[in-house]
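Now for the letters of each chain:
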Amino acid sequence: MTEEIKQEKTEECLTEEIRELLKDISAINANTQRNDDQCVDINFFENPLDPNLLAYCFDVILGFDVRYRIYEKVNYIIDFDYKGTFASARHFKMSYRLSVQKQYRDEIIAVFEKVHLLLEQLFTLIGEQALRNNDFSMKNESCDYFSKLKFYENRIENLVCRKKTIEEKCRGKYDITEIDGKYKCMRMKGSDYLIALGSEITYDIEAYIDTFFSALEHVLTLLYPFTDNFSAGKSYYSNCIRNTKWHWEKKIQDVCGSSMPDEITSALRRIKEVYRNHNTHGGFSREMMAYVQIPNFGRFPMYVGKEYLRGFVDGCLDTISYEMYCDAKKVFSEFWDILNTVYEIPMLFVRSGLPISVDTERYTKNIDSVEQAKWLIEKMWFDIDNQSNMDW
């Protein structure tokens, strides 16, 4: 059997395929027939191509002279010839529609569906090259992470206060219940609710710790291109972001170097290995507890840890508690304080929520003060809102 050799398509090949699909679209000419009575609209939901993709096809693929922001609240109006008939694509602030002759409505939708598939292949191909050349921006979700951390802190501390208040009110008070009319059971009032409340606090602390380490890796990944250690000559995506060996501790080392005290890194390592990994990896991580068989003794609980919890359980518990949360919160706060101090201006951009380009010069060029950085952040958000809302 002859094996078929799959040949990868090039950017030029895909562009030509799209152009071939759109061959019936051309510029308006003297022979273009216009019949408004037979014209129908294809709305946003029916059109396979969104406003930007459609404009790309006309502008880049077909070579139309597409003008943008032509009027107030109007992005573009593209009049064109489709099989000898008049058609138009219009993108306004409140609407996006494609007007064609009724007889060609379903046909052009089918063509655009095929174009959409090829555009995805084309953009993927271009995108792969952009990733290799560090020509991309990273989605910045730091605001959500910091908001979530604050949410858990408030929630945990409020729940602990509520638990203490209920315990104080119920102290010395008991419920007596009868079982089968023969036995009496005495329990402290509110004990069921307090147990449930304690579990809720534990789950929130686990989520808080897990969120912190996700936030740590996210922020350090955004921050690294601002540092002197970053090499613009290597693909950030291939060598770092997709590199599984570029773990959280390596990120701290690369970003912070000697500015991050060893005691902070060690404290973070212990919190992660003892309190996070067990929960995150379903209990069977490198820090798992195993009941090992001891000859002539029986099965004995021991921790098999990478660094912590190695050996006897005594003196090295992994129990979640409010006291443990307070210690962890203090370490986390010191970590963020160091980043905010060492990288004062870059952290302003990270905390702003702006997409972070790997080419950070666009943020830092001619920025010499915190005030200048804040002004630039406001200006960039203004431009983004202006563009998305068509407020020009």
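For the structure, check the block above.
A. Looking closely at the overall build of the chain. A tally of helices and strands in the chain yields 12 helices and 12 strands. Against the compact-globule benchmark of 21 Å for 392 residues, the chain has a radius of gyration of 31 Å, which places it well outside the compact range. With the C-alpha coordinates aligned to their principal axes, the bounding extent of the chain is approximately 95 × 65 × 65 Å. Looking at the 392 residues of the chain, the share that counts as buried comes to 38%. Approximately 23,900 Å² of the chain is accessible, and the part contributed by carbon and sulfur atoms is 50%. Across the chain, the mean location of the 50 positive side-chain charges is 5 Å away from that of the 63 negative side-chain charges.

B. Quick look at unusual backbone geometry. Residues other than glycine seldom take positive phi values, yet Lys 73 does so here, at roughly 65 degrees. Tracing the sequence through the fold places Lys 73 in the loop between helix 2 (51-61) and strand 3 (74-82). Lys 73 sits in the partly exposed class, given a relative accessible area of 28%. Of note, the phi angle at Lys 83 is positive, near 55 degrees, even though the residue is not glycine. Topologically, Lys 83 is positioned in the loop between strand 3 and strand 4 (85-92). Taking the relative accessible area as the measure of exposure, Lys 83 reaches 37% and is therefore partly exposed.

C. Molecular detail of the nonpolar core. Counting residues in each nonpolar core, the largest one holds 65 residues, and the members touching the most others are Leu 268, Phe 335, Leu 339 and Phe 349. Contributions of two or more residues to this core are made by helix 4 (142-170), helix 5 (191-223), helix 6 (236-241), helix 7 (248-256), helix 8 (262-280), helix 9 (322-342), helix 10 (344-352) and helix 12 (370-389). When residues of this core are assigned to their parent elements, the largest contribution, 14 residues, is made by helix 5. If we skip the residues at most four places from it in the chain, Phe 335 touches Phe 212, Leu 216, Leu 220, Ile 252, Met 260, Ile 264 and Leu 268. Counting 32 residues, the second-largest nonpolar core is a separate cluster that includes Leu 53, Tyr 96, Ile 108 and Leu 122.

D. Here's a closer look at the packing of aromatic side chains. Counted according to the given criterion, the structure contains 28 aromatic pairs. Here Phe 230 and Tyr 236 contribute two aromatic rings whose centre-to-centre distance is 5.2 Å and whose plane-to-plane angle is 90 degrees, an arrangement assigned as edge-to-face. Since its relative accessible area comes to 1%, Tyr 236 is described here as buried. Aromatic rings pair up to connect Phe 146, Tyr 208, Phe 212, Phe 213, Trp 248, Tyr 322, Tyr 325, Phe 332, Phe 335 and Trp 336 into one cluster. In this structure, Arg 34 packs its charged tip against the face of Phe 86, placed 4.0 Å from the ring centre. When the ring centre of Phe 146 is taken as reference, the NZ or CZ atom of Arg 351 above it lies at 4.0 Å.

E. Fine view of the pattern of salt bridges. For the structure on display, the rule yields 24 salt bridges. For Asp 106, the salt bridge is made with Arg 105, and the minimal N-O distance between the two is 2.9 Å. Under the relative-accessibility criterion, Arg 105 is labelled partly exposed at 23%. Residues Asp 383 and Lys 379 are paired through a salt bridge, measuring 2.7 Å at the closest nitrogen-oxygen approach. Here Asp 383 and its partner Lys 379 are both found in helix 12, four residues apart, which amounts to about one turn of the helix. Judged by its relative accessible area of 34%, Asp 383 falls in the partly exposed class. Overall, the relative accessible area of 34% leaves Lys 379 in the partly exposed class.

F. Focus on the sheet that holds strand 5 (residues 96-101). Judged by pairing direction, the sheet is antiparallel, and its five strands sit side by side in the order 1-3-4-5-2 without closing on themselves. Here the strands that pair on one side only, and so sit at the sheet edges, are strand 1 (25-26) and strand 2 (39-42). Taken together, the eight bridges between strand 3 and strand 4 define a ladder with antiparallel strand orientation. Opposite Asp 79, over in strand 4, you have Ser 88 as the bridge partner. In the packing of helix 2 onto the sheet, the strands contacted are strand 1, strand 3, strand 4 and strand 5, and the crossing angle to strand 3 comes to about 50 degrees.

G. Structural context of the state of the cysteines. If you walk through the whole model with that rule in mind, you get zero disulfides. As a non-bridged cysteine, Cys 143 has Cys 256 as the owner of its nearest cysteine sulfur, 19 Å distant. Cys 240 takes part in no disulfide bond, and the closest cysteine sulfur to it belongs to Cys 256, at a distance of 14 Å.

H. Main features of the packing of helix 2 against helix 3 (residues 105-132). Where helix 2 meets helix 3, the closest approach of the two axes is 11 Å, and the angle between their N-to-C directions is 85 degrees. Here helix 2 lies roughly perpendicular to helix 3, going by the angle between them. Along the contact surface, helix 2 presents Leu 53, Leu 54, Tyr 56 and Cys 57, while helix 3 presents Phe 112, Val 115, His 116, Leu 119, Leu 122, Phe 123 and Ile 126. Class assignment of the residues belonging to the contact of helix 2 with helix 3 gives a composition of 10 nonpolar, one polar and no charged.

Scoring rules and cut-offs
- All chains use their own residue numbering, which begins from 1 and follows the written sequence.
- Totals for whole chains, interfaces and linings use all residues, but because this is a predicted model, local features are given only for residues with pLDDT of at least 70 and pairs of side-chain atoms are given and counted only at 80 or more.
- Just so you know, side-chain values use all the structure's heavy atoms and leave hydrogens and water out.
- Secondary structure counts use DSSP, requiring at least four H or I residues in a row for a helix and at least two E residues in a row for a strand, with both numbered from the N terminus.
- Atoms counted for the radius of gyration: C-alpha only. Globule rule: 2.2 Å times the number of residues to the power 0.38.
- Only protein chains enter the accessibility calculation, which uses a 1.4 Å probe; a residue whose area is less than 20% of its type maximum is buried, one above 50% is exposed, and one in between is partly exposed.
- The method behind every accessible area is Shrake-Rupley, applied with a 1.4 Å probe, and residues are considered shielded solely by the protein chains displayed.
- Just so you know, the count uses Lys and Arg for positive and Asp and Glu for negative, and it drops His and the chain ends.
- Each charge is placed at NZ for Lys, CZ for Arg, CG for Asp and CD for Glu.
- In this text, buried Ala, Val, Leu, Ile, Met, Phe, Trp, Tyr and Cys residues form a nonpolar core when linked through side-chain atoms within 4.5 Å.
- Contacts between residues were defined by any pair of non-hydrogen atoms, one from each residue, lying within 4.5 Å.
- Aromatic rings from Phe, Tyr and Trp, taking only the six-membered ring of Trp, are treated as a pair when their centres fall within 6.5 Å; an angle between ring planes under 30 degrees marks them as stacked, one over 60 as edge-to-face, and anything in between as tilted.
- Ring-over charges, as used throughout, are those where CZ of Arg or NZ of Lys falls within 6 Å of the ring centre and within 35 degrees of the ring normal.
- Whenever Lys or Arg places a side-chain nitrogen within 4 Å of a carboxyl oxygen from Asp or Glu, that contact is recorded as a salt bridge.
- One bridge is not enough; two strands pair if DSSP finds at least two bridges between them.
- Only the contacting stretch of a helix is used when fitting its axis, a line to C-alpha atoms as for every element, and angles between N-to-C directions run 0 to 180 degrees.
- Defined by distance alone, a disulfide is two cysteine sulfur atoms within 2.5 Å.
- Orientation labels follow simple angle bins: below 35 degrees gives roughly parallel, above 145 gives roughly antiparallel, 65 to 115 gives roughly perpendicular, and whatever is left gives oblique.
- Under the grouping applied here, Gly and all other residues not named as nonpolar or charged are polar, the nonpolar ones being Ala, Val, Leu, Ile, Met, Phe, Trp, Tyr, Cys and Pro and the charged ones Asp, Glu, Lys and Arg.

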